[in-house]
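Architecture and fold: a report
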Amino acid sequence: MRGEGFTILVFLTLVVLKGFYFKRGSAATVTYDHRALVINGQRRVLLSGSIHYPRTTPDVWPEIIRKSKEGGLDVIETYVFWNYHEPVKGQYYFEGRFDLVRFVKTVQEAGLFVHLRIGPYACAEWNYGGFPFWLHLIPGIQFRTTNAPFKNEMELFLAKIVNMMKEQKLFASQGGPIILAQVENEYGNVEWAYGVSGELYVQWAAETAVGLNTTVPWVMCQQEDAPDPIINTCNGFYCDRFTPNSLTKPKMWTENYCGWFLAFGNAVPFRPVEDLAFSVARFFETGGTFQNYYMYFGGTNFGRTAGGPLVATSYDYDAPIDEYGFIRQPKWGHLRDLHNAIKQCQEYLVHSDPTYIPLGVHIEAHIYHKDSGGCAAFLANIDHTSDANVTFNGSSYYLPAWSVSILPDCKNVIFNTAKVVSQKNLGEFPHEHTTSAREHLIASSSSWFWYKEQVGIWSNNSFTASGLLEQINTTKDTSDYLWYTISIDVTEKLLPNNGEALLLLGSLGHAAMLFVNKKLIGFGYGNHEDASFTLMQKITLNRGNNTLDFLSMIVGLQNYGPWFDIAGAGIFSVVLGGLADAKEDLSISEWTYQVGTEGEYLGLDKTSLANSSLWTSGNSVPLNQSLIWYKTTFTAPEGNGPLALNLSTMGKGQAWVNGIGIGRYWSSYLSPTTGCSKHCDYRGPYDASKCLKNCGQPAQTLYHIPRSWVHPGENLLVLHEELGGDPSRISILTKTGQEVCAHISESDPAPVDSWKLNSQIKPMPEVRLICEQGWKITSINFASFGTPEGQCGKFSHGTCSGDNVLPIIQKACIGRESCSITVSTFDFGDPCPGVPKSLAVEALCSA
Ligand code: GAL
């Protein structure tokens with residue numbers, strides 16, 4: 001009989017493999033119907049995650065994609081970043097971090113699908129939303145509307161990317177991984193601002209996309225009026241209430257935010273995994289079949305790639321894989337369990353629409369049936385505070401508030417979104433220091449070199465104009481900086497007694513330094529929500545000639561909103577008050593301008609200038625200097641993991657390692673002191689301001705240096721400091737191990753993958769620990785079976801604590817990359833009969 005069962009099993013496996021699994025290199029058709037995307041004739045439940053290729057380095061793409069696959073993803077989603085692919089009109093760039101073909105092929109090699117969001121508008125907190133700046137300079141152009149010059153360029157770029165993918169045989173019909181493509185991005189959110197032209201543009205964008213014959217479906221996200229056959233998809237924190245604009249289209253979710261992006265001057269947003277899992281489960285419960293995490297891995301806005309205004313360099317996003325490429329626990333693990341549970345329902349989900357059964361106030365059941373019998377059910381308690389006991393299908397179930405239980409057989413709860421049984425990791429690198437991170441100073445005070453930049457006009461490539469110029473149109477995004485300079489002659493008559501006057505400055509943003517007679521007298525700045533600001537500053541003027549030099553700075557070009565591409569920046573008004581006769585409006589005077597700073601012009605960030613005599617050295621490095629460049633060399637900490645540069649002692653500026661821009665920093669801009677909650681209640685609707693941490697601190701002090709950007713021996717670090725800081729205290733960190741832990745009780749659910757639904761035997765809860773990076777468990781820091789107390793990192797023994805627990809755990813785990821221990825009296829004996837018990841373990845992973 002065993003043989004017969006085995007034959008059936010092999011047969012079923014083959015059927016399943018043929019139907020559901022994508023064979024690398026073999027052509028596949030992709031269509032859709034009301035229920036789902038249909039790949040090779042099979043409806044599919046698909047879990048997807050955003051990874052933007054330039055936000056990390058190609059050498060780590062495989063590892064991040066592997067971790068995504070292990071986390072239960074089927075699809076990797078990315079935008080395409082036009083401004084870096086076509087920096088100059090007609091000149092293309094697809095190398096290094098921008099090697100799109102290599103990225104798509106890397107996903108394919110991992111056996112996953114790709115959703116290519118060609119746009120070409122991306123948004124994505126990316127400089128100018130992904131548009132190249134030259135586009136803006138085309139005469140008569142208007143972005144994202146029915147405007148011939150724009151449409152012409154957009155069509156050329158769409159075609160360029162589609163043809164490139166076709167040539168490389170990357171669409172599914174050619175045996176490639178691309179199953180889906182996106183045109184535009186959330187245009188529906190701003191369409192109102194473009195009137196009828198906006199509506200026409202949507203039609204045109206849809207027709208143009210379809211005309212490119214990709215052979216895969218196109219989507220438009222947040223686009224209710226997306227014309228057939230384009231699928232309109234949902235973006236948001238929740239999408240269970242969403243329905244597509246036609247019964248012929250499946251319910252798809254292209255952006256479910258795992259957290260939110262970070263801006264300088266803001267606190268750090270995070271989203272509890274219980275709520276994220278709840279939103280995903282609700283979506284599949286209510287008929288969804290495709291869901292994408294934005295971001296599954298966020299990464300880093302290197303160089304000047306960050307959008308704006310004031311988007312930070314870290315794009316960590318509280319994603320399941322953190323900025324440094326490490327797995328974030330328990331987020332990653334809990335979602336993996338969720339994906340596993342959803343996949344166990346797949347055959348029912350793809351078969352029919354759900355049937356809704358109200359079970360009480362705020363309690364909903366949705367059931368999916370199959371013709372051949374059987375069902376899968378989702379039970380949801382959407383109340384914000386009250387837990388509930390419900391009866392379903394003859395059994396009773398406990399449903400915590402704001403949670404969904406998944407029952408792939410309409411009977412057994414194999415997963416509840418509020419019950420996290422996955423491992424937790426302590427001390428998130430590099431933000432929380434633990435014993436498993438190493439940090440050292442980058443250089444001694446005497447090994448720094450510096451270059452003090454000129455204030456104001458520094459060369460003869462300056463120019464004059466009457467009135468105050470808008471900054472972005474002037475710099476054309478070649479630099480963050482624009483100098484506004486004017487000389488004023490103050491006669492005896494005008495000068496107030498003590499020389500004091502009042503300077504009033506108005507700026508569209510994003511920040512500006514004010515120098516009077518070459519002395520720094522003020523600094524003004526806006527924030528992400530509103531980058532404009534005004535400054536009122538007392539100044540002292542001399543008799544005769546005075547110079548005013550203002551350095552206006554951009555912190556990322558705007559990337560979102562109606563007509564965002566023409567949002568201006570820079571100084572628009574300068575008024576001098578307090579003079580003897582009246583106030584003087586300098587806004588309409590003749591000004592001298594200079595694009596960029598002197599150091600930029602000299603190329604001080606470049607490795608070729610590392611040994612230049614421009615650099616000064618001395619016994620100790622000058623501190624708290626404005627407009628200064630610093631340079632040193634450092635040896636990277638041993639190992640092959642990523643590095644973090646601690647710039648907490650610096651002010652504001654940019655940094656380069658071996659000539660590559662690691663991003664803008666702004667450590668002196670503290671976030672508001674209120675609005676943070678250490679333990680954010682996941683229950684109830686989440687939004688980007690609900691769960692914040694790091695109030696009253698800089699948004700970011702630690703900056704990612706990819707390991708592949710350093711080499712053995714000496715590496716060059718260059719900083720351009722604008723405001724003033726202390727470079728002698730800059731340090732570098734690396735991770736040498738990790739502390740992992742779990743606390744599981746006898747009544748917790750068993751790991752999702754241990755369920756055999758048709759068997760009589762119920763699986764047991766387990767403590768499962770896994771190390772990353774090939775590290776092994778080298779010690780068990782805590783182990784207790786009984787009533788251990790406290791949280792991970794702070795466990796203590798309770799009143800009941802079994803003997804010999806530690807040696808059992810040590811035996812199971814030490815020297816291994818992963819281990820699992822069943823939580824039961826069978827292994828540990830019963831230290832306190834009748835008392836509910838749990839197992840708490842904390843371990844150290846290291847090389
Ligand atoms: C969405 C947009 C994304 C990203 C996100 C916020 O509106 O489509 O590209 O900007 O907001 O992170």
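The model shown is predicted, which means the values in this text are computed figures rather than measured ones. (Residues numbered from 1 in each chain as written. Predicted model: local features only at pLDDT ≥ 70, side-chain atom pairs only at ≥ 80, totals over all residues. Heavy atoms only, no water.)

So, about the nonpolar core. Counting 142 residues, the largest nonpolar core has M165, I179 and L338 as its most contacted members. Looking at which element gives the most residues to this core, the answer is helix α6 (residues 148-167), with nine residues. (Core = buried A, V, L, I, M, F, W, Y, C linked by side-chain atoms within 4.5 Å. Buried < 20%, exposed > 50% of the residue type's maximum accessible area, 1.4 Å probe, protein only. Helix = DSSP H or I, 4+ residues; strand = E, 2+ residues; numbered from the N terminus.)

Structurally, the position occupied by F270 is in the loop between β11 (268-269) and α8 (273-285). For F270, a relative accessible area of 14% corresponds to the buried category. On a C-alpha basis, the gap between F270 and S677 in space is 10 Å, while along the polypeptide they are 407 residues apart. Once residues within four sequence positions are removed from consideration, F270 is found in contact with D318, S677, K678, C680, Y686, C691, L692 and K693. (Contact = heavy atoms within 4.5 Å.)

A few words now on the state of the cysteines. Overall, the coordinates contain eight disulfides when judged by the stated rule. Between C234 and C239 runs a disulfide, and the two sulfur atoms are separated by 2.0 Å. Of note, the bridge from C234 to C239 carries an S-S torsion of about -75° and is left-handed in sense. As far as burial versus exposure is concerned, C234 and C239 are alike and both buried. In this model, C771 is linked to C845 through a disulfide, with the two sulfur atoms separated by 2.2 Å. Because the sign of the S-S torsion sets the handedness, a value of about -75° for the bond joining C771 and C845 places this disulfide among the left-handed ones. In this pair, C771 sits in the loop between β43 (766-770) and β44 (776-786) while C845 sits in strand β46 (residues 838-846), placing the two residues 74 residues apart along the sequence. Per residue, the accessibility class of C771 equals that of C845, and both read buried. (Disulfide = S-S within 2.5 Å.)

Taken together, 14 residues lie near the ligand, and Y79, A124, E125, E186 and Y317 sit nearest. The separation between an oxygen atom of the ligand and a polar main-chain atom of A122 is 3.3 Å. A distance of 2.9 Å separates an oxygen atom of the ligand from a polar atom in the side chain of E255. Protein coverage of the free-state accessible area of the ligand, which is 310 Å², stands at 95%. (Near = heavy atom within 4 Å. Polar contact = N/O pair within 3.5 Å; in protein donor to acceptor, adjacent residues only side chain to side chain. Areas by Shrake-Rupley, 256 points an atom, 1.4 Å probe, with all protein chains shown as cover.)

Per the stated rule, a full pass over the model turns up 64 aromatic pairs. Plain terms: the ring middles of Y92 and F94 are 6.5 Å apart, the flat faces sit at 20° to each other, and that makes the pair stacked. With a relative accessible area of 13%, F94 lands in the buried category. Taking the ring centre of Y92 as reference, the NZ or CZ of K160 above it sits at 3.9 Å. Over the aromatic face of Y348 sits the side chain of K370, whose NZ or CZ is 5.1 Å from the ring centroid. (Phe/Tyr/Trp six-rings, centres within 6.5 Å; stacked < 30°, edge-to-face > 60°. Lys NZ or Arg CZ within 6 Å of the ring centre and 35° of its normal.)

Within this numbering scheme, the UniProt entry marks residues 761-846 as carrying the feature "domain: SUEL-type lectin" (unreviewed entry). The span residues 761-846 carries 15% helix and 35% strand; its end-to-end C-alpha distance comes to 36 Å. (UniProt positions renumbered as here; feature names shortened; annotations may be inferred.)

Our next topic: the packing of helix α4 (residues 100-109) against α6. Working note: a packed helix pair is described by the angle between its axes plus the distance between those axes. Relative to each other, α4 and α6 sit at 50°, their axes nearing to 11 Å. Between α4 and α6, the angle is such that the two are oblique. You can see that α4 and α6 cross each other, and the crossing is right-handed. Contacts from L100, V101 and V104 in α4 reach I161, M164 and M165 in α6. (Axes fitted to C-alpha atoms, helices over the stretch in contact; angles between N-to-C directions. Parallel < 35°, antiparallel > 145°, perpendicular 65-115°, else oblique. Left-handed = near helix turned anticlockwise from the far one by under 90°.)

Omega for the bond connecting Y294 with M295 falls within 30 degrees of zero, at -5°, which places this linkage in the cis form. For the bond from G308 to P309, the omega torsion is 0°, close enough to zero to count as cis. Positive phi, normally seen in glycine, also occurs at E184, with a value near 55°. Tracing the sequence through the fold places E184 in the loop between β7 (178-183) and α7 (195-211). For E184, a relative accessible area of 2% translates into the label buried.

This brings us to helix α9 (residues 331-343). Over its 13 residues, α9 runs 18 Å from end to end, which matches the ideal 18 Å to within 8%, given 1.5 Å per residue. Judged by how many residues are buried, α9 sits mostly within the fold: 10 of 13 residues are covered. All of the buried residues in α9 are K331, W332, G333, H334, L335, D337, L338, H339, A341 and I342. (Expected span 1.5 Å × (residues − 1).)

Among the six residues of strand β9 (residues 231-236), six are classified as buried, and the element is accordingly described as predominantly covered. Bridge count between strand β8 (residues 218-221) and β9: three bridges; the pairing is parallel. Note that in β9 the partner of C221 across the bridge is T233. Bridging between β9 and strand β10 (residues 252-257) involves three bridges; their strand directions are parallel. Bridge pairing in β10 places G236 opposite N256. (Pairing = 2+ DSSP bridges.)

Attention now goes to the packing of α8 against α9. Running from amino to carboxyl end, α8 crosses α9 at an angle of 15°, the nearest separation of the two axes being 10 Å. Judged by the inter-axis angle, α8 sits roughly parallel to α9. Like other packed secondary-structure pairs, α8 and α9 cross with a definite hand, here right-handed. Of the residues in α9, those in contact with V273, L276, A277, V280, A281 and F284 of α8 are K331, H334, L335, L338 and I342. Tallied by class, the residues present in the contact of α8 with α9 amount to nine nonpolar, one polar and one charged. (Nonpolar A, V, L, I, M, F, W, Y, C, P; charged D, E, K, R; others polar.)

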